Amino acid sequence: SSSPQSLDMISNMIRFDETEQRVIGGYDHGFYLPSFNNPKLESFAKEFSRQDVAAAAQMTLEKVVDAFISSIPDDQFKIALAGGIFANVKLNQRIREHQKVEDVFVFPNMGDGGLSVGAAYLAHLQKTDQPPMRFQTALLGSNITNEQVKDKLENNYPQLQYEYAENIEDRIAQLLAEKNVVAVANGKMEYGPRALGNRSILFHCAD
């Protein structure tokens, strides 16, 4: 949990205005500036622990999004989410548990890329009056095979040692247990800021 002081300060950074039906940044007191040069924020970050700042930010984010969802006039609805904050799993859980929310869909590219797809979907619907094609998979990028990897290693990086592992998951687990960094490339490239094991950098989380 966060301290009351840190929560008060973070709460001043952002709020949901029910009258205007929009999220408002606390620019007026100079605490929340769209700039890397923000002395007030820097001094605040030094005053409290990292855990305290993180807890206050999380609580404020959940409060603001909860207020937005509560303001929607429908009693029950399904909701689709895109935009950078929806990589926040705890926030998504809070949304799913909201009494008004029947179901949640987090778009696989839950960063800004998902917002542009949402805009394209809406334009398609408005122009054709037809729903867009259903999204089937997040694996939309180029493919990679063992043969391509072997060819690249032998012809471009002859100085590197390599091995073929029959049980690749066991080998990766062993390397991670020994606190190695493991880069994984498997099959088609993922769409969006995800780590599904097709293009991922893995590290031992206990270190």
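Predicted model, so just to flag it, every value in this text is computed and none were measured.

### Things to note about the environment of Met13
For Met13, the location among the structural elements is in the loop between helix 1 (4-11) and strand 1 (14-17). Taking the relative accessible area as the measure of exposure, Met13 reaches 13% and is therefore buried. Taking the C-alpha atoms as reference, Met13 lies 8.4 Å from Ile24; in sequence the two are eleven residues apart.

### As for the confidence of the model for the chain
Summing up the model confidence of the chain, the mean pLDDT is 88 and the portion of residues at 70 or higher is 96%. Averaged pLDDT values for the elements of the chain fall to 78 in helix 1 and rise to 96 in helix 4 (residues 89-96).

### With respect to the nonpolar core
Formed by Val65, Ile69, Phe77, Ile79, Leu81, Phe86, Leu91, Ile95, Val101 and Met110, the largest nonpolar core amounts to ten residues. Those elements that place two or more of their residues in this core are helix 3 (50-71), strand 3 (77-81) and helix 4. Here this core takes three residues from strand 3, the largest share from any one element. With near-sequence residues (within four places) excluded, Val65 lies in contact with Ile85, Leu91 and Ile95. Among the nonpolar cores identified, the runner-up in size contains five residues, and Ile10, Met13, Phe48 and Ala56 belong to it.

About the criteria used
- Residues numbered from 1 in each chain as written.
- Predicted model: local features only at pLDDT ≥ 70, side-chain atom pairs only at ≥ 80, totals over all residues.
- Heavy atoms only, no water.
- Helix = DSSP H or I, 4+ residues; strand = E, 2+ residues; numbered from the N terminus.
- Buried < 20%, exposed > 50% of the residue type's maximum accessible area, 1.4 Å probe, protein only.
- pLDDT = per-residue confidence, 0-100.
- Core = buried A, V, L, I, M, F, W, Y, C linked by side-chain atoms within 4.5 Å.
- Contact = heavy atoms within 4.5 Å.

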